[in-house]
Amino acid sequence: MTSGLSAFTALIFALSATACNSAPRALVAGEDSCRYCRMTIDDVRFGGLVVTIRGREETFDAIECLAAYVAALPDSAAPQRVLVADYEQPSRWIEVTQARFVHRGSIRSPMAREMAAFSDAQSAQTLQQRYGGRVMNWTEVLAVVRDDQFAPTGAGAGAASHAH
């Protein structure tokens, strides 16, 4: 009886460890909605995802919505993970601290702030040549969102609108 209980306990532990280390699910265009602005996600290339302290996955339709949401969180609610979709491989998640962001280049994003994320394997020079604009890191993205006083549609002064 003890060995059966030990095997069961080991199985539960192994399943829990696997669940904690699994990659977040891919965004689903037309089904998922943005946690920040509540718009339906139409283009997953600009998406983001926050894994909360409790493991809940919050989805975002644009990097600027993700950044505004994260910037507004109290320290006590700091997320486990903050991820962005790789613009060139949208099913691939990138940790925001490992991403490069292009701002105001030739790319047109859903919230009209023209931000897209890329793997840091691509050089800033390559991204700038390909897409134009300014190449930034996550800290700079947060600063741009704070400076723009970014707010979801209908939230008052400084509110952005989707370019759908």
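Nothing here was measured: the structure is a model prediction, and the numbers come from that model. (Residues numbered from 1 in each chain as written. Predicted model: local features only at pLDDT ≥ 70, side-chain atom pairs only at ≥ 80, totals over all residues. Heavy atoms only, no water.)

Confidence in the prediction of the protein, expressed as mean pLDDT, is 81, and 77% of residues score 70 or more. Scored below 50 in pLDDT, residues 5-19 makes zero contacts in the model with residues more than four places away or belonging to other chains. Confidence drops under pLDDT 50 across residues 153-164; counting only partners more than four residues distant or on other chains, this segment forms 31 contacts. (pLDDT = per-residue confidence, 0-100. Contact = heavy atoms within 4.5 Å.)

This brings us to the packing of aromatic side chains. For the structure shown, the criterion picks out six aromatic pairs. Measuring from centroid to centroid gives 5.8 Å for F101 and W138, while their planes differ by 40 degrees, and the two rings are tilted. Here the residue F101 occupies a position in strand β5 (residues 99-103), and W138 occupies one in helix α4 (residues 138-147), the gap between them amounting to 37 residues. According to the relative accessible area criterion, F101 is buried, its value standing at 0%. Through a chain of ring-to-ring contacts, three or more aromatic side chains come together here, namely F46, Y87, F118 and Y131. (Phe/Tyr/Trp six-rings, centres within 6.5 Å; stacked < 30°, edge-to-face > 60°. Helix = DSSP H or I, 4+ residues; strand = E, 2+ residues; numbered from the N terminus. Buried < 20%, exposed > 50% of the residue type's maximum accessible area, 1.4 Å probe, protein only.)

With that out of the way, let us pick up the nonpolar core. Note on soluble globular proteins: their nonpolar side chains tend to be buried together. Counting 27 residues, the largest nonpolar core has I63, L66, V84, F101, W138 and V141 as its most contacted members. Mapped onto this core, the elements with two or more residues apiece are α2 (63-72), β3 (81-86), β5, β6 (115-119) and α4. The element best represented in this core is α2, accounting for seven residues. Contact partners of I63, with chain neighbours within four places excluded, come to F46, V84, F101, M115, A116, A117, W138 and V141. By size, the runner-up hydrophobic cluster in this structure holds nine residues, among which are F46, A116, L127 and Y131. (Core = buried A, V, L, I, M, F, W, Y, C linked by side-chain atoms within 4.5 Å.)

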